Amino acid sequence: MKSLVLALALLATAAVPAAALAEDAPAAAQAAWSTANTPLADLLANAEAKAVLEKHIPGISTNPEVEPVKGLSLKAIQAYAPDRLPDTLLAAIDADLAKLPAK
């Protein structure tokens, strides 16, 4: 488990080209919540989105293992924990997130 957390922490700190961030900024500002595109930190920072996550993944907001991967989307985290974040779970979360107002 420690190696998983370490791998996720290293992935979270990987550099992203500034040009890529600048291109996506306007679209991201108007985008809806998503397990594929919204960082976990953003989902947890919003009360409604956090409630959706807690509904589907009880205890996620208080789990200390989450801290190193908060910069990643749930879809990105899924690559390291596919048994804990199956596609069906992410689809259910996305369905509930789609009911929330856009960011």
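Below is a summary of the structure that appears in this document. (Residues numbered from 1 in each chain as written. Predicted model: local features only at pLDDT ≥ 70, side-chain atom pairs only at ≥ 80, totals over all residues. Heavy atoms only, no water.)

Description of helix H4 (residues 47–56)
Heads up, the rule is: Each residue gets one of three labels from its accessible area relative to the maximum for its type: buried under 20%, exposed over 50%, partly exposed in between, using a 1.4 Å probe on protein chains only. Where helices and strands are cited, they refer to DSSP runs of H or I of at least four residues and of E of at least two residues respectively, numbered from the N terminus. Here, the arc refers to the directions that run from the helix axis to the C-beta atoms. It only takes one pair of heavy atoms within 4.5 Å for two residues to be counted as in contact. Here a polar contact means two N or O atoms within 3.5 Å. Within protein one must be a hydrogen donor candidate and the other an acceptor candidate, and residues neighboring in sequence count only if both atoms are side-chain atoms.
Inspection of H4 places Ala49, Val52 and Leu53 among the buried residues, and these make up the whole buried set. Buried residues of H4 fall within an arc of 95° about the axis and therefore sit on the same side. Every exposed residue of H4 that faces more than 90 degrees away from the buried side is listed here: Ala47 and Lys55. On its buried side, H4 packs onto helix H3 (40–45), helix H5 (74–78) and helix H6 (87–97). Here H4 starts with a cap whose side-chain oxygen sits 3.0 Å from the backbone nitrogen of glutamate 48, and that cap is asparagine 46.

Quick word on the packing of H4 against H6
How we decide: Geometry is summarised by axes, namely lines fitted to C-alpha atoms with helices restricted to the contacting stretch, and by angles between N-to-C directions that run from 0 to 180 degrees. Should an angle fall under 35 degrees it is taken as roughly parallel, and over 145 as roughly antiparallel, whereas 65 to 115 is taken as roughly perpendicular and any remaining angle as oblique. If you view the pair so one helix is near and one far, a crossing is left-handed when the near helix is turned anticlockwise from the far one by less than a right angle, and right-handed when it is turned clockwise. Residues are grouped as follows: nonpolar covers Ala, Val, Leu, Ile, Met, Phe, Trp, Tyr, Cys and Pro; charged covers Asp, Glu, Lys and Arg; every other residue, Gly included, is treated as polar.
It is the contact of H4 with H6, at a shortest axis distance of 10 Å, that shows an interaxial angle of 150°. Our classification of the angle between H4 and H6 gives roughly antiparallel. Crossing handedness for the pair H4 and H6: right-handed. Taken together, the residues of H6 that come into contact with H4 (itself represented by Ala49, Val52, Leu53, Lys55 and His56) are Leu89, Ala92, Ile93, Asp96 and Leu97. For the contact of H4 with H6, the class distribution of residues is seven nonpolar, one polar and two charged.

Description of the environment of serine 34
Tracing the backbone through its elements, the reader meets serine 34 in the loop between helix H2 (18–30) and H3. Taking relative accessible area as the criterion, serine 34 reaches 12% and is therefore assigned buried. Spatially, the C-alpha atoms of serine 34 and lysine 75 are 9.0 Å apart, while their sequence positions differ by 41 residues. Within polar-contact distance, the side chain of serine 34 engages the backbone nitrogen of alanine 36 at 2.9 Å.

A look at the nonpolar core
The condition that has to hold: Definition of nonpolar core: a set of buried residues of the types Ala, Val, Leu, Ile, Met, Phe, Trp, Tyr and Cys, connected through side-chain atoms within 4.5 Å.
Ranked by internal contacts, the top residues of the largest apolar core, which has 20 residues, are Leu40, Leu53, Ile60, Leu74, Ile93 and Leu97. Among the secondary structure elements, those contributing two or more residues to this core are H3, H4, H5 and H6. Those residues in contact with leucine 97 that lie beyond four places of it in its chain are Trp33, Ser34, Thr35, Leu43, Ala49 and Val52.

Thoughts on the environment of alanine 98
With respect to the secondary-structure elements, alanine 98 resides in the segment after H6. By relative accessible area, alanine 98 is classed as exposed at 59%. Residues alanine 98 and alanine 49, 49 residues apart in the sequence, show an inter-C-alpha distance of 9.9 Å.

What to know about H6
For the α-helix, the turn length of 3.6 residues means that residues three or four positions removed from each other point alike. Turning to H6, its buried residues are Leu89, Leu90, Ile93, Asp96 and Leu97. Looking down the long axis of H6, one finds its buried residues gathered within 125° of arc, a one-sided arrangement. Those residues of H6 that are exposed and angled more than 90 degrees off the buried face are Asp87 and Thr88. In this fold, the buried residues of H6 make contact with H3, H4 and H5.

Purely geometric stuff here, so don't read any function into it on its own.
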